[in-house]
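# A look at the structure
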Amino acid sequence: MKEIILDTPEKNKIYMNPQRQRLIRLMQVSGEAMTPKQLSKELGISPSAATAHIKKLESLGVLRLDHTKKINGITAKYYALEDVNISLKTNEQQDDSVVNEQEVFLNYMMNENWKGFLEYKRNLWARGEKTTDVHAPVTGDVISSVAFLTDEDAAELKNYIIDFLAAHADKQPNTKPWSTTLLAYPVDKK
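Conventions used here
- Residues numbered from 1 in each chain as written.
- Predicted model: local features only at pLDDT ≥ 70, side-chain atom pairs only at ≥ 80, totals over all residues.
- Heavy atoms only, no water.
- Axes fitted to C-alpha atoms, helices over the stretch in contact; angles between N-to-C directions.
- Helix = DSSP H or I, 4+ residues; strand = E, 2+ residues; numbered from the N terminus.
- Parallel < 35°, antiparallel > 145°, perpendicular 65-115°, else oblique.
- Contact = heavy atoms within 4.5 Å.
- Nonpolar A, V, L, I, M, F, W, Y, C, P; charged D, E, K, R; others polar.
- Buried < 20%, exposed > 50% of the residue type's maximum accessible area, 1.4 Å probe, protein only.
- Patch = residues over 30% accessible without salt bridge, like charges linked within 9 Å, V, L, I, M, F, W, Y side chains within 5 Å.
- Areas by Shrake-Rupley, 256 points an atom, 1.4 Å probe, with all protein chains shown as cover.
- Salt bridge = Lys/Arg side-chain N within 4 Å of Asp/Glu carboxyl O.
- Lys, Arg positive; Asp, Glu negative; His and termini not counted.
- Charge placed at Lys NZ, Arg CZ, Asp CG, Glu CD.
- Left-handed = near helix turned anticlockwise from the far one by under 90°.

## Describing the packing of helix α2 (residues 18–30) against helix α4 (residues 47–60)
Two elements in contact, α2 and α4, have axes separated by 10 Å at closest approach and are oriented at 85°. By the angle class used here, α2 and α4 are roughly perpendicular. Facing Gln19, Arg20, Leu23 and Ile24 of α2, the residues of α4 in contact are Ala50, His53, Ile54, Lys56 and Leu57. Looking at the contact of α2 with α4 residue by residue, the class counts come to 5 nonpolar, 2 polar and 2 charged.

Structure, rendered in C-alpha cells:
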C-alpha cells in the first residue's frame, strides 16, 4: 500500500478540505467508482465543483480515474479511491502551521467518527435493540485498553490493522461498510 505523507501546507490544504473529506467518505461508504455527477448529487454541490475536488485529490494520489462509460453519447468518467495510507508524520523541519492544521484535522476526523458512532447507537436504542445479546448481530463498539508493547510490537500491530483493513477495503456481496477509527500512542507515565 502506498503511503501519502501530509507534510506540507499544500498537501494539507488539498486533503484536509472538509468538502473533499465528505467526498472521500461518500466514496468509501459506497465502495464503488463514482462519477462527478453522482458525487455532486450526493454532496449537494455542482458537478463542476465535484470535478474540481476530484482533480485536487487525484493530484495528491488519493483518487484515480477507474474507467469510462458511454452514456447517451457522453463519456462518463468514473473515479475510485486509490489504495493509500494517509500519514500525518511530523518532523522537526515542519513549521507550526503544518502541525496546527493537522491538529485541527484530527479533531475534525475524530469528532465526525464519534458523531457517527453515537448516531448509530442512538438509532439502535431508539428501536429497542439490545446490544448485549450474544446472539444478536455484531454492532459497533468502543474498545479501550492499555497494551504493553515494544516499538516492534507497535509497528506489527499497526501493520496488521492496515493489512486487515486493506484486505477488506473492496465491497463484496453480503458486506456492509464499517467505520473504523484506531487511536494508539505511547503513554507518558507522568
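Picking up where we left off.
## Some remarks on unusual backbone geometry
One non-glycine residue, Asn72, lies in positive phi territory at about 50°. Its location among the elements puts Asn72 in the loop between β2 (63–71) and β3 (74–81). Assessed through its relative accessible area of 79%, Asn72 is described here as exposed. At Asn174, a residue that is not glycine, the phi angle is positive and equals roughly 65°. Note that Asn174 resides in the segment after α6 (151–167). We classify Asn174 as exposed; its relative accessible area is 85%.

## Points about a negative patch on the surface
A surface patch of negative charge is lined by Asp151, Glu152, Asp153 and Glu156. Following the sequence through the fold, Glu152 ends up in helix α6.

## Digging into the packing of α2 against helix α5 (residues 96–126)
Between two packed helices, the angle of one axis relative to the other and the distance separating the axes together describe the packing. For the pair α2 and α5, the least separation of the axes is 12 Å and the interaxial angle reads 40°. In this view, α2 runs oblique relative to α5, as classed from their interaxial angle. As α2 runs across α5, the sense of the crossing is right-handed. On the side of α2, the interface is formed by Pro18, Gln21, Arg22 and Arg25, while α5 contributes Phe105, Tyr108 and Asn113. Of the residues in the contact of α2 with α5, the class split is 3 nonpolar, 2 polar and 2 charged.

## A closer look at a nonpolar patch on the surface
On the surface, Met110, Leu183, Tyr185 and Val187 cluster together into a nonpolar patch covering about 440 Å² of accessible area. Checked against the element boundaries, Leu183 lands in the segment after α6.

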